[in-house]
Amino acid sequence: MDNVAVLGAGSWGTALAIVLADNGHNVSLWGRREDQVNEINNDHKNEKYLPGVELPENIQATTQLNECVKEADTIVLVTPTKAMREVLGQLKNELSSPVTIVHASKGIEPGTYKRISEIIEEELPESVLDSVVVLSGPSHAEEVSLRQPTTVTVSSVNMKAAEKIQDLFINQNFRVYTNPDVVGVELGGALKNIIALGAGLSDGLGYGDNAKAALITRGLAEIARLGTHMGANPLTFSGLTGIGDLIVTCTSVHSRNWRAGNMLGKGMKLEDVLENMGMVVEGVRTTQAAYELSKREEVEMPITQVLYDVLFNNKGAKQAVDDLMQRSRTHEVEDVSSLKS
Ligand SMILES: NC(=O)C1=CN([C@@H]2O[C@H](COP(=O)(O)OP(=O)(O)OC[C@H]3O[C@@H](n4cnc5c(N)ncnc54)[C@H](OP(=O)(O)O)[C@@H]3O)[C@@H](O)[C@H]2O)C=CC1
Ligand SMILES: O=C(CO)COP(=O)(O)O
């Protein structure tokens, strides 16, 4: 059995810790609040993030990063994208030999437009970084923590490392596939959050299933358009980390991005929505990053563009949908593989 450190004791970090603990591994979970760590260790609960869920006793939490990672064979990073550089900056000082880093977060960094694996490679010296593996797919923490059937993908340029992580996580409730396309896996996971905001917004406006199906389908088209342009395999977008995650995030009440969009559609202001949520809504910063990246790369992303205007330029939710419906007429199908140049 392995020693695994999970950095980030929110919904997803705790749910992944449960999977690892169910597989018999020794799991050390890093949280930054003493009260939360005590609740996990003494009561085997994390009520803020997974209310009502009993945690296995082989999850031990700590606020001390050095304590958390000192015996770790593998480190799983699950903090919001915004916190990645700060956490990696602290982690760098605690590592002395090469370790496999898995990340399960979904975002792109505004300003640099970096994917999370690129941020990890930038922040950790080669002397302490064995391999980077991405874990992504349609997987709400609420369902994983109840051991409901879930499938995810792990991706790395080092397939041996991906297979090692597949073995670490896979069990009868949590099926893990591998995919060598790191760019596609990371971009699919990050960009679907933009479309989920849009789906929530459409539902919040009172529009129906036709509108949501349109957003999912045309959303996938623009995710694949940018993703392929950035070097991804187009087929990845028809897999778990593409259409799979898009479906689950656009249609589930568990999704924080869908819920945030829903409140925006009902007329709430962005700052009130984010305060109300109390958990990370990755799609907001990713909309900014993807909007800027699409401008720089001259890739058309109409849904991302109108959502950017709703989030950052005070465009009304209804106006955003009207704008999408009134775009100039175009073909449905394009050959994304020819957009690679
Ligand atoms: N929830 C889900 O179902 C899934 C989430 N993800 C992805 O996982 C990532 C994390 O999401 P999730 O767990 O849901 O988020 P939550 O909002 O549930 O939890 C965020 C966690 O990160 C901690 N945190 C925030 N900022 C920092 C920081 N600067 N340093 C250290 N820790 C910090 C929070 O600590 P504190 O409580 O002290 O604020 C909290 O433990 C996101 O990228 C998300 O897209 C991916 C798949 C599924
Ligand atoms: O990525 C997720 C499910 O796969 C979680 O989505 P939300 O962050 O919108 O809750």
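Residues numbered from 1 in each chain as written. Chains lettered and ligands numbered in written order. Predicted model: local features only at pLDDT ≥ 70, side-chain atom pairs only at ≥ 80, totals over all residues. Heavy atoms only, no water.

**Description of the UniProt feature "domain: Glycerol-3-phosphate dehydrogenase NAD-dependent N-terminal" (unreviewed entry) in the protein**
Our working definition: UniProt positions are given in the numbering used here, feature names are shortened, and annotations may be inferred rather than shown by experiment. The helix count covers DSSP runs of H or I at least four residues long, the strand count covers runs of E at least two residues long, and both are numbered beginning at the N terminus.
UniProt feature "domain: Glycerol-3-phosphate dehydrogenase NAD-dependent N-terminal" (unreviewed entry): in the numbering of this structure it lies at residues 3–161. Between the C-alpha atoms that bound residues 3–161 the distance is 16 Å, and the span itself is 32% helix and 23% strand.

**Things to note about the layout of surface pockets**
If you roll a probe as big as a water molecule over the atoms, it shows you where there is empty space left. Put simply, the test is: The distinction between a cavity and a pocket rests on a 1 Å grid over the protein atoms alone: a 1.4 Å probe fits inside a cavity but cannot get out, while a pocket stays open yet meets protein on both sides within 12 Å along at least five of seven lines, and a residue with an atom within 4 Å of a point counts as lining. Grid points are joined across faces, edges and corners, and a volume is the space filled by probe spheres set on the points. The start and end points of each domain follow an automatic or database-based domain assignment. Residues were grouped as follows: Ala, Val, Leu, Ile, Met, Phe, Trp, Tyr, Cys and Pro as nonpolar; Asp, Glu, Lys and Arg as charged; and all remaining residues, including Gly, as polar.
Considering only enclosed or pocket space, the largest pocket measures out at about 1300 Å³ in volume. Lining the largest pocket are 45 residues, with Val78, Thr79, Pro80, Met279 and Val280 sitting closest to its centre. Those elements that provide at least two residues to the lining of the largest pocket are α1 (11–22), α4 (84–92), α6 (141–144), α8 (182–204), α10 (240–251), α11 (256–265) and α13 (282–297). Inspection of the lining of the largest pocket shows a minimum of three residues originating in each of domain 1 (3–178) and domain 2 (182–337). Size it by volume and the second largest pocket reaches roughly 530 Å³. Taken together, 23 residues form the lining of the second largest pocket, with Ala214, Arg218, Ile303, Leu324 and Met325 sitting closest to its centre. Secondary structure elements with two or more residues in the lining of the second largest pocket: α8, α9 (209–229), α14 (302–312) and α15 (317–325). It is α9 that provides the largest number of residues to the lining of the second largest pocket, a total of 6 residues. By residue class, the composition of the lining of the second largest pocket is 13 nonpolar, 5 polar and 5 charged.

**Thoughts on the nonpolar core**
Here is the rule we go by: Remark: nonpolar core denotes a set of buried residues (Ala, Val, Leu, Ile, Met, Phe, Trp, Tyr, Cys) joined through side-chain atoms within 4.5 Å. Classification of residues uses two cut-offs on accessible area relative to the type maximum, computed with a 1.4 Å probe and protein chains only: under 20% is buried, over 50% is exposed, and between them is partly exposed. We call two residues contacting when some pair of their heavy atoms lies within 4.5 Å.
Within the largest apolar cluster, 44 residues are counted, with the highest numbers of intra-cluster contacts made by Ile108, Leu191, Leu197, Leu201, Leu246 and Cys250. Those elements that provide at least two residues to this core are α8, α9, α10, α11, α12 (270–277), α13, α14 and α15. Residue contributions to this core peak at 10 residues, all from α8. If sequence neighbours within four positions are ignored, Cys250 has contacts with Ile195, Ala196, Ala199, Lys212, Ile216 and Trp258. With 37 residues, the next largest nonpolar core counts Ala17, Ile18, Leu55 and Ile59 among its residues.

**Overview of the site of ligand 2**
Using the following cut-off: Only a single heavy atom is needed: when it lies within 4 Å of a molecule or strand, its residue is near that molecule or strand. For this analysis, a polar contact is any N or O atom pair within 3.5 Å, provided that within protein one partner can donate a hydrogen and the other can accept it, and provided that sequence-adjacent residues contribute only side-chain to side-chain pairs. The protein chains shown are the only cover counted for residues, whose accessible areas, like all others here, come from Shrake-Rupley with a 1.4 Å probe. A cavity or pocket is said to hold a molecule if more than half of that molecule's atoms lie within 2 Å of its grid points.
Near ligand 2, the surroundings consist of 13 residues, among which Lys192, Asp245, Ser255, Arg256 and Asn257 are the closest. Within the backbone of Ser139, a nitrogen or oxygen atom sits 3.0 Å from an oxygen atom of ligand 2. In isolation ligand 2 offers 310 Å² of accessible surface; the protein chains occlude 93% of this area. The cavity where ligand 2 resides is the largest pocket. Elements represented by at least two residues in the shell around ligand 2 include exactly α10 and α11. The biggest single contributor to the shell around ligand 2 is α10, with 3 residues. In terms of residue class, the shell around ligand 2 is made up of 2 nonpolar, 7 polar and 4 charged. There are two domains that each give the shell around ligand 2 at least three residues, and those are domain 1 (3–178) and domain 2 (182–337).

**Concerning the pairing of strand β7 (residues 150–155)**
Put simply, the rule is: Strand pairing is assigned whenever DSSP detects at least two bridges linking the two strands. A clockwise course of the path from the first strand over the helix to the second, judged with the strands pointing away from the viewer, identifies a crossover as right-handed.
Most of β7 is tucked away: 5 of the 6 residues are buried. Pairing geometry for β7 and strand β8 (residues 174–179), over 6 bridges, is parallel. When the sheet's bridge partners are listed, Thr151 is paired in β8 with Arg175. For the crossover that starts at β7, traverses helix α7 (residues 159–169) and ends in the parallel β8, the hand is right-handed.

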